[in-house]
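# Examining the three-dimensional arrangement
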Amino acid sequence: MEKIIVKKSPALRGSVRISGSKNAALPILAASILGTEDIILEDVPDLKDIEIMIEVLESLGSKVEKLEKNKVLVNSKNLTSYETNYELMNKMRASFLVMGPLLARMGKTVNSLPGGCNIGSRPIDLHLKGFEALGAKVVCYDDGVSASCNELVGNVVYLDFPSVGATENIIMAATLAKGETVIENAAKEPEIVDLANFLRKMGAIVTGAGTSTIVIKGVKELKGCTHQIIPDRIEAGTFMVSAAISGGDVSVENIIPSHMKPITAKLIEAGNKVIESDDKIRVIGNPEGIPINIKTLPYPGFPTDMQAQFLALMTSLKGKSTVIETVFENRFMHVAQLTKMGADIEVNDRKALVTGGRPLRGEEVIATDLRAGAALILAGLVAEGKTTISDIYHIDRGYEDIEEKFRGLGANIERIDE
Ligand code: UD1
């Protein structure tokens, strides 16, 4: 089993190039099903989740060719199936982003989902509500869901919550629907804007992405294009926190600084110096940082995907910091691991109270999910001794070349295979 070992490291220094966004690349790969011509995607991160999405596309009959490490060609002219298999669905929940495109292209989609329509605390009711509004018949069964239609017809869809995945799935389904679809209370994340930009290059008519009202006018068919995926704001945020927690001086390059605003604002509040330029941000960490309070919210609020990393940072800020997690239930699994390392964190329902300033010590810890794994690496940089992180397949789902990038900044980190 592979593990990552992090030893107490000097203040991190240098620059790091940020990869393409996982969460933008996943829906864009799914959307490639909508067209019948060659699609070339650049800056696709080389990650486990991307590999799984490529497997999903291939299982549906798309031809996918990796032209370079980060360049992928997809051709979905001859789709052979509208059904996603259980094994792939189980490996990555985001696989259901192919539902909207399949429904639009094939008129039917059958998806094996562990737990049917309601997967624990991550339901897909809003996706299904959107498909129904466009005229699809949705049937839920014990371990899956199907949706079918003669034709999709545009409609107004109001989302009870601005779900990222539901907004993406409904936009994709609506691109080939008859007439106009309006999504109200849509998610405003930069990844939605990237998807809309990509779809427009394919010939779709999408306006309003990045606002809470998105309008899609259906077209008959979509064509090929070349598209460069936007930089990963969560990877960038993780490296920005690494400068803060280690009292270092790190420049994150190849980013869109406006996407980083909620993270930049909190790092400044915590006493760090943040210098922005066109496509990079330099963070000069303040080891005497100031405690902060964060509340996770849909974009442009503070991202839930940066919550764990900030929790790690808070353990080093002398005084009381708080986190309120409003987006996901039960997203504090990393707290037990940080506590094992000596952190003082109390969780009450969706609120965590961190009393920072107690030194952390290296321990054997478990990456309970992707961002939790990143938080443990950050904590390991400043903990006394050696932190050994297991279950690192979670980390590999979302961070490209993570040890190499941290080592480039002077971190003492290695991967071992036991
Ligand atoms: C995406 C991101 C994930 C990020 C999340 C929130 C991808 C591949 N993943 O996930 O990294 O943490 O956005 O920024 O882009 N909900 C419902 N019903 C639904 C759909 C969602 O109740 O039909 C709820 C969820 O349970 C959750 C909240 O809405 O509490 C947010 O989920 P959503 O925005 O849909 O996240 P994902 O698209 O799954």
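Refer to the preceding data block for the structure.
Residues numbered from 1 in each chain as written. Predicted model: local features only at pLDDT ≥ 70, side-chain atom pairs only at ≥ 80, totals over all residues. Heavy atoms only, no water.

## Some remarks on the nonpolar core
Ranked by internal contacts, the top residues of the largest apolar core, which has 74 residues, are Leu29, Leu34, Met53, Val98, Leu152, Phe198 and Leu199. Top element by residues in this core is helix H1 (residues 22-31). It accounts for seven residues. Apart from residues no more than four positions distant in its own chain, Leu199 is found in contact with Ala31, Leu34, Ile171, Met172, Thr175, Ala204 and Val206. (Core = buried A, V, L, I, M, F, W, Y, C linked by side-chain atoms within 4.5 Å. Buried < 20%, exposed > 50% of the residue type's maximum accessible area, 1.4 Å probe, protein only. Helix = DSSP H or I, 4+ residues; strand = E, 2+ residues; numbered from the N terminus. Contact = heavy atoms within 4.5 Å.)

## Remarks on the environment of Ile389
With respect to the helices, strands and loops of the structure, Ile389 is situated in strand E25 (residues 386-390). A C-alpha to C-alpha distance of 5.5 Å links Ile389 and Lys3, two positions 386 residues apart in sequence.

## Let's talk about helix H2 (residues 48-59)
The first and last C-alpha atoms of H2 sit 16 Å apart over 12 residues, in line with the 16 Å expected at 1.5 Å per residue. Buried residues of H2: Asp49, Ile50, Ile52, Met53, Ile54, Val56 and Leu57, and no others. Elements that come into contact with the buried residues of H2 comprise H1, strand E4 (63-68), strand E5 (71-75), strand E6 (83-84) and helix H3 (86-91). Taken from the residues just after H2, Gly61 is the one with a positive phi, measuring 110 degrees. (Expected span 1.5 Å × (residues − 1).)

## Things to note about the packing of H1 against helix H7 (residues 190-201)
Two elements in contact, H1 and H7, have axes separated by 9 Å at closest approach and are oriented at 30 degrees. The angle between H1 and H7 falls in the class roughly parallel. Where H1 crosses over H7, the handedness of that crossing is right-handed. Note on element contacts: H7 touches H1 through Glu191, Asp194, Leu195, Phe198 and Leu199, opposite Asn23, Ala24, Pro27, Ile28 and Ala31. (Axes fitted to C-alpha atoms, helices over the stretch in contact; angles between N-to-C directions. Parallel < 35°, antiparallel > 145°, perpendicular 65-115°, else oblique. Left-handed = near helix turned anticlockwise from the far one by under 90°.)

## What about the sheet that holds strand E18 (residues 273-277)?
The strand order across the open sheet built from four strands is E2-E17-E19-E18, with neighbouring strands paired in mixed fashion. Each edge of the sheet is formed by a strand with only one pairing partner; in this case those strands are strand E2 (13-17) and E18. Strand-to-strand twist across the sheet, computed as the mean angle between neighbouring axes with direction ignored, equals 15 degrees. Two strands pair when backbone bridges link them, and strand E17 (residues 249-253) and strand E19 (residues 280-284) are joined in this way by five bridges, in the antiparallel orientation. Within E19, the residue paired with Ser251 across the bridge is Arg282. The sheet strands contacting helix H8 (residues 233-246) are E2, E17 and E19, and the helix crosses E17 at an angle near 170 degrees. Helix H9 (residues 261-269) contacts E18 and E19 of the sheet and is inclined by roughly 150 degrees relative to E18. (Pairing = 2+ DSSP bridges.)

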